[in-house]
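Spelled out from the first residue to the last, the chains are:
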Amino acid sequence: MSSELIEINKIKEYAKEENIPIMQEEGIEFLTSFIEKKQIKNILEIGTAIGYSAIMMAKVNSDIHITTIERDETRYLEAIKNIKKFNLENRITLIFNDALNVEISDKYDLIFIDAAKGKNIEFFNHFENNLDMDGYIITDNMGFHGYVEMNEDEIPSKNIRGIVRKIKDYIYFLENNMVYKTTIYKIGDGIAVTERR
Ligand code: SAH
Ligand code: MG
């Protein structure tokens, strides 16, 4: 096994032990091939966790640059370590803050939203101006572990019901948007791809 693959597996193992919801295998494959196919170069990620998806996206191509935001200090520090292991400090910029407090002026050809699942509309509105004219917004966890498709009374916790309602609001927001069009793929935990009409 290559040393990079060993390091990737260690990150995945750590995420499992610490219950950190990194992207699923299928999802990351979709995301990285999308980046390759569309020749994406500049990416803004909301929700770094420990850097797994940022590292996987950066590895697609050596001229990809990523800015990624995380509000949890322990995860942010772990992400710094992981990104160093892959010598990607020059291509991945980490921001330690709540994304909704971060003001950026740069434009990106991909904005990847993978943070608090109940705040997708807020993230979308907050960073919309950072999207290139022909850029994409990709949102993870549109299915929320299958709960979005369930009847509300089958959902075991009030907390999860609340998040599911917000994901449904986000789906409504995307599907009825005059400026953007969206396709939702049943891949991984559900992935939405949004672009200007
Ligand atoms: N993209 C990562 C997984 C992210 S998990 C991967 O696939 O490897 C979601 C992360 O978003 C969590 O670590 C959580 O702390 C962070 N998060 C949630 N709300 C946030 C916010 N408002 N600002 C910044 N980070 C946030
Ligand atoms: Mg996710």
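Residues numbered from 1 in each chain as written. Chains lettered and ligands numbered in written order. Predicted model: local features only at pLDDT ≥ 70, side-chain atom pairs only at ≥ 80, totals over all residues. Heavy atoms only, no water.

**Structural notes on the site of ligand 1**
Here's step 1: Close contacts around ligand 1 come from 21 residues, with M23, G47, E70, R75 and D114 the closest.
Here's step 2: Contact between ligand 1 and M23: an oxygen atom at 2.8 Å from a main-chain N or O atom of the residue.
Here's step 3: Summarising the interface, the protein chains cover 95% of the accessible area of ligand 1, which totals 580 Å² for the free molecule.
Here's step 4: With respect to the pocket detection grid, ligand 1 is positioned in the largest pocket.
Here's step 5: When residues of the shell around ligand 1 are traced back to their parent elements, those giving at least two are α3 (52-58) and β2 (65-70).
Here's step 6: Within the shell around ligand 1, the residues separate by chemical class into 10 nonpolar, four polar and seven charged. (Near = heavy atom within 4 Å. Polar contact = N/O pair within 3.5 Å; in protein donor to acceptor, adjacent residues only side chain to side chain. Areas by Shrake-Rupley, 256 points an atom, 1.4 Å probe, with all protein chains shown as cover. 1 Å grid on protein atoms, 1.4 Å probe; cavity = no way out; pocket = protein on both sides within 12 Å on 5 of 7 lines; lining within 4 Å. Sits in = over half its atoms within 2 Å of the grid points. Helix = DSSP H or I, 4+ residues; strand = E, 2+ residues; numbered from the N terminus. Nonpolar A, V, L, I, M, F, W, Y, C, P; charged D, E, K, R; others polar.)

**Quick word on the coordination of the magnesium ion (ligand 2)**
Here's step 1: Around the magnesium ion (ligand 2), the donor atoms from the protein are D114 (OD), D140 (OD) and N141 (OD1), and they sit 2.1 to 2.2 Å away.
Here's step 2: Read from N- to C-terminus, the donor residues coordinating the magnesium ion (ligand 2) fall into the pattern D-x25-D-N. Taken as a pair, D114 in the loop between β4 (108-113) and α5 (120-127) and D140 in the loop between β5 (131-139) and α6 (158-175) lie far apart in primary sequence, 26 residues in all. The two residues D114 and D140 agree in class, both being buried. (Donors = N, O, S within 2.8 Å, 3.2 Å for Na, K, Ca; no water. Buried < 20%, exposed > 50% of the residue type's maximum accessible area, 1.4 Å probe, protein only.)

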